[in-house]
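Fold and contact review
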Amino acid sequence: MAIKDSALEALIEPVVTAMGFELWGIDYLSQGKHSRLVIYIDHENGVNVDDCADISRQVSGVLDVEDPIAGEYRLEVSSPGMDRPLFTLEQFTRYAGHQVSLKLRAPYEGRRKFQGLLAGVEGDEVLVQIDGEEYCFPIDGIDQARIVPQFGS
């Protein structure tokens, strides 16, 4: 799946960047006729529905011409939101000090889901503090990661 994601990124990123946005990440969820391609975009002034619609139209044109995905799929363009997914080591570094939830590709110590304080990055590993203990997870072993929004004081 990583090869497909990098090929999609190579097609999509120039379009998003040319429109003045940052390509935050791509999720391709292959589920037969219910497959979805979710493109997350970000901007320092935020993202609104019109921005998503504009980028959807432009990206859709490129994907129609290049046809990188076999079969049917639904294209969605979205802001990463408050519970933003994290895709790259740079993003993990940027959000060090925030609460994060992780889902691993394979179990570690009998479980795949972890939540704790994102302590940073070391090499190609993400450091997370959970109950006073520090865990190192290789980024390639992380299936999903999201910021856990904190509300209140």
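These numbers come from a predicted model, not from an experiment. (Residues numbered from 1 in each chain as written. Predicted model: local features only at pLDDT ≥ 70, side-chain atom pairs only at ≥ 80, totals over all residues. Heavy atoms only, no water.)

On inspection of all chains with the given rule, the structure shows eight aromatic pairs. Look at Tyr40 and Phe87: their rings are 5.9 Å apart centre to centre, the planes differ by 40°, and that puts the pair in the tilted class. Of this pair, Tyr40 sits in strand E2 (residues 36–42) while Phe87 sits in the loop between strand E3 (74–78) and helix H3 (89–94), and the two are 47 residues apart along the sequence. Residue classification places Tyr40 among the buried residues on the basis of a relative accessible area of 9%. Taking 6.0 Å as the distance between ring centres and 0° as the angle between the ring planes, the aromatic pair formed by Tyr135 and Phe137 counts as stacked. Each member of the pair, Tyr135 together with Phe137, is buried. An aromatic cluster of at least three residues, connected via ring pairs, comprises Tyr108, Phe114, Tyr135 and Phe137. The ring of Trp24 carries Arg84 above its face, with NZ or CZ at 4.6 Å from the centroid. (Phe/Tyr/Trp six-rings, centres within 6.5 Å; stacked < 30°, edge-to-face > 60°. Helix = DSSP H or I, 4+ residues; strand = E, 2+ residues; numbered from the N terminus. Buried < 20%, exposed > 50% of the residue type's maximum accessible area, 1.4 Å probe, protein only. Lys NZ or Arg CZ within 6 Å of the ring centre and 35° of its normal.)

Quick look at the pairing of strand E4 (residues 99–108) now. As paired elements, E4 and strand E5 (residues 111–122) share six bridges and run antiparallel to each other. Each bridged residue has a counterpart across the sheet, and for Ser101 the counterpart in E5 is Gln115. The antiparallel pairing of E4 with E5 creates a hairpin that spans two residues between the two strands, and Glu109 there sits at a positive phi of about 50°. In terms of strand pairing, E4 meets strand E8 (residues 142–147) through five bridges, oriented antiparallel. The residue of E8 that forms the bridge with Lys103 is Gln144. (Pairing = 2+ DSSP bridges.)

A word on unusual backbone geometry. Even without being glycine, Asp67 reaches a positive phi, approximately 50°. Along the chain, Asp67 turns up in the loop between helix H2 (49–66) and E3. In the Ramachandran plot, Glu109 falls in the positive-phi region, its phi being about 50° despite a non-glycine side chain. Judged by its relative accessible area of 57%, Glu109 is exposed.

Spatially, the three strands line up as an open sheet ordered E1-E2-E3, and their pairing is mixed. If you trace the sheet from one side to the other, it starts and ends with strand E1 (22–29) and E3, each paired once. Strand-to-strand twist across the sheet, computed as the mean angle between neighbouring axes with direction ignored, equals 15°. Where E1 lies against E2, seven bridges are found, and the strand directions are antiparallel. Across the sheet, Tyr28 pairs through a bridge with Leu37, a residue of E2. Those strands touched by H2 are E2 and E3, and its axis lies near 140° from that of E3. (Axes fitted to C-alpha atoms, helices over the stretch in contact; angles between N-to-C directions. Contact = heavy atoms within 4.5 Å.)

Here we come to the side chain of Asp42. Mapped onto the fold, Asp42 is located in strand E2. Setting aside residues up to four positions removed in sequence, Asp42 forms contacts with Phe21, Glu22, Trp24, Val47, Pro80 and Arg84.

Let's shift gears to the UniProt feature "domain: Ribosome maturation factor RimP N-terminal" (unreviewed entry) in the protein. Those places that UniProt annotates as "domain: Ribosome maturation factor RimP N-terminal" (unreviewed entry) correspond, in this numbering, to residues 11–83. In residues 11–83, the share of helix is 36% and the share of strand is 27%. The end C-alpha atoms are 26 Å apart. (UniProt positions renumbered as here; feature names shortened; annotations may be inferred.)

According to the domain assignment, the protein consists of domain 1 (3–78) and domain 2 (85–147). Here the C-alpha centroids of domain 1 and domain 2 sit 25 Å apart. Contacts between domain 1 and domain 2 engage six residues on the former and seven residues on the latter. Buried surface at the junction of domain 1 and domain 2, summed over both partners, amounts to about 550 Å²; 52% is from carbon and sulfur atoms. Viewed at the interface, domain 2 and domain 1 are joined by one salt bridge. Salt-bridge contacts for Glu22 lead to Arg94; the nearest nitrogen and oxygen are separated by 3.4 Å. Our enumeration of links across domain 1 and domain 2 arrives at three residue pairs in polar contact (both at pLDDT 80 or more). Among the elements that take part in the side of domain 1 that touches domain 2, E1 stands out by supplying five residues, more than any other. Of the residues belonging to the side of domain 1 that touches domain 2, the class tally is three nonpolar, one polar and two charged. (Domains from an automatic or database assignment. Buried area = accessible area lost by both parts, 1.4 Å probe. Salt bridge = Lys/Arg side-chain N within 4 Å of Asp/Glu carboxyl O. Polar contact = N/O pair within 3.5 Å; in protein donor to acceptor, adjacent residues only side chain to side chain. Nonpolar A, V, L, I, M, F, W, Y, C, P; charged D, E, K, R; others polar.)

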